[in-house]
Amino acid sequence: MTPESIALNRFGLGYRRGDALPQDPRGWLKRQIAEYVPSPKALAGRSVNGEEVARVIADTAEFRAMRNAAREDADNPEAAAMMSKERQQDVRRDLVADIALRGRLALESDTPFIERMVHFWSNHFAVSTDKAQIPSLVGPYEFGAIRPHVTGYFGDLLRAASLHPAMLAYLDQWQSQGPNSRAAKMRERRGRPERGLNENLGREILELNTLGVDGGYTQEDVKELARALTGWTMQGLPAAARAMPQSGGAAFFDYIHEPGMRTVMGRSYRDTGAGQALDILDDLAVHPSTARFVATKLARHFAGDTPPESLVERLAKAFTDSGGHLPKVYEALIDAPETWVEQPVKFRQPWEWAVGLLRAGGEMKLADRQFAIMLRELGQQAWRPGSPAGWDDREASWAGANALYRRVEAAERVADLLRLEDVRELAEAMFPGSLSDTTRQSVRWAESNEMGFALLLVSPEMMRR
Amino acid sequence: MIDRRTMLAGSAALAAASLGPHMAFARTAGEKRLLVLVMRGATDGLALAAPLADPAFRAARAKWLDTYADAPKLDGTFALHPALAETGRLYSAGDALLVHAVATSYRERSHFDAQNLLETGGTRPFERRDGFLNRFVGLLKGSESPAIALASALPLALRGSNPASTYAPTTLPKASEALLDRLPDLYAGDPQLAGLWQQARQTEAIADASDMDSLGRARDAGTLAARMLADPQGARIVMMDLAGWDSHANQLGMLQRRFTQFDELMKAFRTGINPVWDDTLVLVVTEFGRTVAINGTNGTDHGTGSAALLLGGAVRGGRVMADWPGLAATQQYEGRDLKPTMSLEALTSGALASHFGLDAEKVMRSLYPGRTDRPIDGLIA
């Protein structure tokens with residue numbers, strides 16, 4: 001791969017039909033950090049702020065209350081089921097629209113390297129739509145909490161993501177209750193069963209979002225962080241009506257917060273209510289283990305499944321020296337020789353491949369529903385990794401036979417929709433100076449432009465970056 | 001681009017790339033087959049096999065008892081749900097074993113956490129990142145048994161460091177022969193893609209799924225699973241999800257439909273797998289059971305103990321295996337659920353070990369680390 005092709009494909013999301021080729025690959029990538037727009041035009045019609053999130057949560061709570069009331073109605077046994085079905089269809093339709101919006105943002109982005117980072121961080125702080133509530137929260141989560149912070153400090157991104165209602169719902173944080181909180185004491189007096197501490201979010205923050213599994217924390221650190229996190233819940237829940245609103249639609253409810261000092265990774269934190277967890281997050285965000293963990297994941301994303309140690313160290317140093325300022329880490333990535341090796345280092349994940357296909361064609365053409373279905377058929381439905389660990393970023397998870405076959409089918413379908421006439425020139429632009437003779441000849445000898453474009457979309461050059 | 005480590009740890013397809021046309025799945029694959037069916041949403045074991053001789057059951061489920069008026073009796077205590085006709089036939093033939101009052105070590109009532117534990121084999125939700133079935137694939141190394149999930153994305157149970165792939169019929173239009181014919185040339189200089197492509201073509205041929213566009217139809221799903229496992233070049237482990245068992249409301253009709261679908265799937269599977277039925281084990285599990293009592297919406301809520309099924313030509317079937325705890329109020333778990341008296345982990349590891357001829361304790365340790373239950377013996381002839 002030439003530097004131009006690496007900038008377009010390894011760092012970016014693939015060449016967009018009609019664009020000029022980057023003249024100065026490193027400069028082109030660095031300029032994107034400043035030029036990135038968190039809320040571009042395509043997002044204008046989608047409300048994603050805390051108020052909207054609170055509205056979604058209140059709306060869901062209201063729906064559940066109405067449906068439960070309907071279930072009690074013996075005269076009309078089907079009513080509740082009908083309500084649920086209609087509700088599911090509405091939620092599904094909105095989710096499909098958000099998935100297509102995500103695709104459109106990637107297609108239209110003039111800063112595709114940073115757009116890739118949006119997808120990267122969204123996966124680093126993964127939620128998954130196979131859990132109730134997440135389908136209607138994940139759009140506002142990525143658009144409203146991840147996007148604004150990908151060119152800021154990691155600490156701010158960590159706060160925004162791990163305390164967003166989508167994450168609080170996904171990992172059941174809102175159900176967690178301090179064993180010595182006022183709420184627990186009230187339950188005890190009334191003889192109601194204990195609700196207790198839920199460690200999910202505490203554990204995932206340490207293992208998946210900050211220090212990493214080998215980052216040096218213990219089960220006691222998990223518990224202490226979980227205790228500090230008690231009280232964090234979301235606006236719009238009837239049970240949290242008296243909670244203090246926080247940013248992004250979150251809320252803090254002192255009534256269920258575990259009182260007292262906490263100790264995490266050897267540091268003590270006074271009980272300042274909501275601030276206690278924030279103080280811990282701020283320290284975790286700049287911990288050397290976090291620097292190394294984040295550096296390793298970034299290095300794997302740009303230099304291959306087993307990234308060179310020299311790159312990990314370079315990125316960890318940039319992270320630590322800047323206090324987790326992500327632009328400095330991106331610059332280190334761009335400057336590093338390890339990310340510019342000529343051989344492709346990554347097998348494109350289905351999402352990357354689908355976005356690459358949209359950009360190569362230069363327009364969406366697919367209806368929202370078709371795009372969402374295509375992603376599912378390709379094996380990577382957006383926002384549905386099925387686990388808080390997110391999608392795996394290693395080749396063995398993606399270079400599969402069935403996955404390849406589905407790409408061939410999707411490629412032909414899209415090629416037939418687009419009916420491009422400039423496929424040969426497009427092939428050269430997509431992989432400048434890097435197109436193999438085999439692919440060039442396959443495209444040239446294809447019996448039609450559509451066939452040529454389909455072959456280009458499933459060529460070895462397009463499968464890897 | 002492909003370093004040595006990837007080569008060694010990588011997909012079976014990579015290794016297959018150099019092996020010639022009919023070797024996409026290694027020829028040394030063993031003869032034993034395994035189909036794992038996961039009923040997601042918590043199946044009511046008391047509806048699957050109703051303990052009609054238990055007076056507490058008759059009292060708690062009085063208004064649903066009519067369902068079992070003509071249901072096949074499994075023994076003096078239990079009757080099978082009447083929609084499970086094929087399952088009943090397999091039971092009569094000695095090829096189905098019904099296990100009751102069984103549960104994983106999980107004792108809360110969240111689907112999300114329970115399915116995570118069912119699939120990872122861990123003891124705390126989200127503690128482990130790899131699946132029990134993936135670790136089992138690792139134990140079969142040397143015999144190289146390829147594992148396939150019939151799904152568009154790999155389920156957690158099959159994720160991990162050992163090779164596993166997915167296959168799903170698609171709603172995408174079929175690619176034209178003209179395009180398919182050109183791909184070997186396009187991949188001629190690329191061993192990895194050439195190998196994957198060859199495997200893809202072969203899997204498509206085995207699946208022969210041109211008449212299917214999804215796994216939604218039970219009969220198609222059963223047929224597909226059988227094709228994958230029966231073919232000498234096919235898979236040896238297949239996993240599939242059966243969704244929609246969360247019967248909070250109007251359970252009678254809902255379970256009638258679900259059990260009918262399951263039974264159709266089994267019937268189609270049994271037909272297709274016939275030549276190797278004696279080498280086949282089907283394991284049917286769910287994440288937990290449901291409350292004994294009927295709730296206010298003619299359904300049941302999240303519970304604990306449920307039932308499981310083992311089917312196959314070598315299964316020591318035709319019997320119900322249960323240490324029945326009884327369903328009187330004092331006998332219920334937390335005063336509401338069927339109390340589990342058998343460990344699902346012990347059942348699974350005992351069945352898999354015995355079917356594949358492995359050491360049961362070793363299987364238990366690998367699939368379910370940290371458990372002290374003894375693997376259950378005597379499940380497979």
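Worth saying up front: this structure is predicted, and the values here are computed from it rather than measured. (Residues numbered from 1 in each chain as written. Chains lettered and ligands numbered in written order. Predicted model: local features only at pLDDT ≥ 70, side-chain atom pairs only at ≥ 80, totals over all residues. Heavy atoms only, no water.)

J.: Sorry if this is basic, but what is going on with the overall build of chain B here?
T.: If you tally the helices and strands in chain B, you get 13 helices and eleven strands. The C-alpha atoms of chain B give 21 Å as radius of gyration, which agrees with the globular expectation for 381 residues (21 Å, within 12%). Expressed along its principal axes, the backbone C-alpha trace of chain B runs to roughly 70 × 40 × 35 Å. Residue burial in chain B is summarised as follows: out of 381 residues, 59% are buried. Of all intrachain contacts in chain B linking residues separated by at least 6 positions in sequence, the fraction that spans at least 24 positions is 73%. Of the accessible surface of chain B, which amounts to about 14200 Å², a share of 51% is contributed by carbon and sulfur atoms. (Helix = DSSP H or I, 4+ residues; strand = E, 2+ residues; numbered from the N terminus. Rg over C-alpha atoms; globule rule 2.2 N^0.38 Å. Buried < 20%, exposed > 50% of the residue type's maximum accessible area, 1.4 Å probe, protein only. Contact = heavy atoms within 4.5 Å. Areas by Shrake-Rupley, 256 points an atom, 1.4 Å probe, with all protein chains shown as cover.)

J.: I keep staring at unusual backbone geometry and nothing clicks. Help me out?
T.: Excluding glycine, residues mostly have negative phi values, and the peptide bonds linking residues are mostly trans. Even without glycine at this site, Trp383 of chain A takes up a positive phi of about 60 degrees. Of note, Trp383 of chain A is situated in the loop between α17 (368-378) and α18 (401-418). For Trp383 of chain A, a relative accessible area of 5% puts it in the buried group. One non-glycine residue with positive phi stands out, namely Glu334 of chain B, at about 50 degrees. Looking at the secondary structure, you find Glu334 of chain B in the loop between β10 (319-321) and β11 (342-343).

J.: Looking at this structure, how should I read empty space enclosed by the protein?
T.: One water molecule sets the probe size; rolling that probe over the atoms shows where empty space is left. Residue and element names in this part refer to chain B. Taken as a whole, this structure holds nine cavities of 30 Å³ or more when the rule is applied. Each pocket or cavity is described by its volume, and for the largest cavity that value is around 70 Å³. Thr104, Leu117, Leu118, Phe132, Val285, Leu344, Glu345, Thr348 and Tyr368 are the residues that line the largest cavity. Considering every element that reaches the lining of the largest cavity, the biggest residue donor is helix α12 (residues 344-356), with three residues. Here the lining of the largest cavity is composed, by residue class, of six nonpolar, two polar and one charged. Computed from the structure, the second largest cavity encloses a volume of approximately 50 Å³. Taken together, Val102, Ala103, Val285, Thr286, Glu287, Phe288, Gly289, Thr304, Ser306, Ala307 and Leu344 make up the lining of the second largest cavity. Counting residues per element, the ones that place at least two in the lining of the second largest cavity are β4 (96-103), β8 (280-286) and β9 (306-311). Across the lining of the second largest cavity, the residue classes tally to six nonpolar, four polar and one charged. (1 Å grid on protein atoms, 1.4 Å probe; cavity = no way out; pocket = protein on both sides within 12 Å on 5 of 7 lines; lining within 4 Å. Points joined across faces, edges and corners; volume = space filled by probe spheres on them. Nonpolar A, V, L, I, M, F, W, Y, C, P; charged D, E, K, R; others polar.)

J.: Sorry, what's going on with the interface of chain A and chain B here?
T.: A common way to report how large an interface is uses the accessible area buried once the components associate. Taken residue by residue, the interface counts 51 residues in chain A and 47 residues in chain B. Buried surface at the junction of chain A and chain B, summed over both partners, amounts to about 4500 Å²; 56% is from carbon and sulfur atoms. At the boundary of chain A with chain B, the tally comes to six salt bridges. Of the charged contacts in the structure, one is a salt bridge between Arg129 of chain B and Glu204 of chain A, with a shortest N-O distance of 3.0 Å. (Buried area = accessible area lost by both parts, 1.4 Å probe. Salt bridge = Lys/Arg side-chain N within 4 Å of Asp/Glu carboxyl O.)

J.: I'm lost on the packing of aromatic side chains in this one. Help?
T.: Two aromatic rings are characterised by how far apart their centres lie and by the angle between their planes. All names here are of chain A. By the definition in use, this model includes 22 aromatic pairs over all chains. For the pair Trp232 and Phe252, a centre-to-centre distance of 6.0 Å together with 65 degrees between the ring planes defines the contact as edge-to-face. Taken together, the residues span a long stretch of sequence, with Trp232 in strand β1 (residues 232-234) and Phe252 in strand β3 (residues 250-252) at a distance of 20 residues. A relative accessible area of 6% means that Phe252 is categorised as buried. For the ring pair Phe253 and Tyr255, a centre distance of 5.6 Å and an interplane angle of 40 degrees mean the geometry is tilted. The exposure class assigned to Tyr255 is partly exposed, which follows from its relative accessible area of 21%. Joined through ring pairs, the aromatic side chains of Phe11, Phe113, Phe302, Tyr330 and Trp340 make up one cluster. (Phe/Tyr/Trp six-rings, centres within 6.5 Å; stacked < 30°, edge-to-face > 60°.)

J.: Whenever I open this one, helix α19 (residues 423-430) of chain A confuses me. Can you help?
T.: Because each turn of an α-helix spans 3.6 residues, side chains separated by three or four positions in sequence point in the same direction. Looking at α19 of chain A, one finds that the buried residues are Val423, Leu426, Ala427, Ala429 and Met430 of chain A. What you see down the axis of α19 of chain A is that its buried residues fit within an arc of 165 degrees, all on one side. (Arc of directions from axis to C-beta.)

J.: What am I meant to see in a positive patch on the surface here?
T.: Residue and element names in this part refer to chain A. Taken together, the side chains of Lys185, Arg189, Arg190, Arg192 and Arg195 make up a positively charged region of the molecular surface. Mapped onto the fold, Lys185 is located in helix α9 (residues 182-189). Of the residues examined, Lys185 reaches a relative accessible area of 44% and is grouped as partly exposed. (Patch = residues over 30% accessible without salt bridge, like charges linked within 9 Å, V, L, I, M, F, W, Y side chains within 5 Å. Lys, Arg positive; Asp, Glu negative; His and termini not counted. Charge placed at Lys NZ, Arg CZ, Asp CG, Glu CD.)

J.: Whenever I open this one, the pattern of salt bridges confuses me. Can you help?
T.: Residues and elements named next belong to chain A. Under the counting rule described, the total for this entry stands at 56 salt bridges over all chains. Taking the shortest distance from any N to any O, the salt bridge between Arg440 and Glu428 comes out at 2.8 Å. In this pair, Arg440 sits in helix α20 (residues 437-445) while Glu428 sits in helix α19, placing the two residues twelve residues apart along the sequence.

J.: Hey, could you run me through the confidence of the model for chain B in this one?
T.: Regions with low pLDDT should not have their predicted coordinates read in detail. Residue and element names in this part refer to chain B. Of the residues in chain B, 91% reach a pLDDT of 70 or more, and the chain-wide mean stands at 89. The low-confidence segment residues 1-29, where pLDDT is below 50, has 43 contacts with residues more than four positions distant or belonging to other chains. Here the prediction assigns the complex a pTM of 0.84, and the interface score ipTM is 0.93. (pLDDT = per-residue confidence, 0-100.)

J.: Honestly, the sheet that holds strand β2 (residues 244-245) of chain A in this entry has me stumped. Any pointers?
T.: Paired through backbone hydrogen bonds, the strands of a sheet run either parallel or antiparallel to each other. Here we have three strands laid out as an open sheet, ordered β1-β3-β2 (chain A), and antiparallel in their pairing. Two strands close off the open sheet at either side, each with one partner strand: β1 and β2 of chain A. (Pairing = 2+ DSSP bridges.)

J.: Just to check I follow, could you spell out the pairing of strand β1 (residues 33-40) of chain B for this structure?
T.: Across a regular strand the side chains alternate sides, sitting on one face of the sheet and then on the other. Residues and elements named next belong to chain B. Counting buried positions over the eight residues of β1 gives eight, a clear majority of the element. On β1, burial covers both faces: Arg33, Leu35, Leu37 and Met39 on one face and Leu34, Val36, Val38 and Arg40 on the other are all buried. In this structure, β1 lies alongside strand β7 (residues 237-243), joined through seven bridges in parallel fashion. Paired with Met39 across the two strands is Leu242, which belongs to β7.

J.: Could you clarify how one ought to interpret the packing of α20 of chain A against helix α8 (residues 177-186) of chain B in this entry?
T.: Two measures define how a pair of helices packs: the angle their axes make with one another and the distance between the axes. The N-to-C vectors of α20 of chain A and α8 of chain B enclose an angle of 155 degrees; their axes lie 10 Å apart at closest approach. The orientation of α20 of chain A with respect to α8 of chain B, classified from their angle, is roughly antiparallel. Like other packed secondary-structure pairs, α20 of chain A and α8 of chain B cross with a definite hand, here right-handed. The residues of α8 of chain B that touch α20 of chain A, namely those facing Thr438, Thr439, Ser442 and Trp445 of chain A, are Arg182, Asp185 and Leu186 of chain B. In terms of residue class, the contact of α20 of chain A with α8 of chain B is made up of two nonpolar, three polar and two charged. (Axes fitted to C-alpha atoms, helices over the stretch in contact; angles between N-to-C directions. Parallel < 35°, antiparallel > 145°, perpendicular 65-115°, else oblique. Left-handed = near helix turned anticlockwise from the far one by under 90°.)

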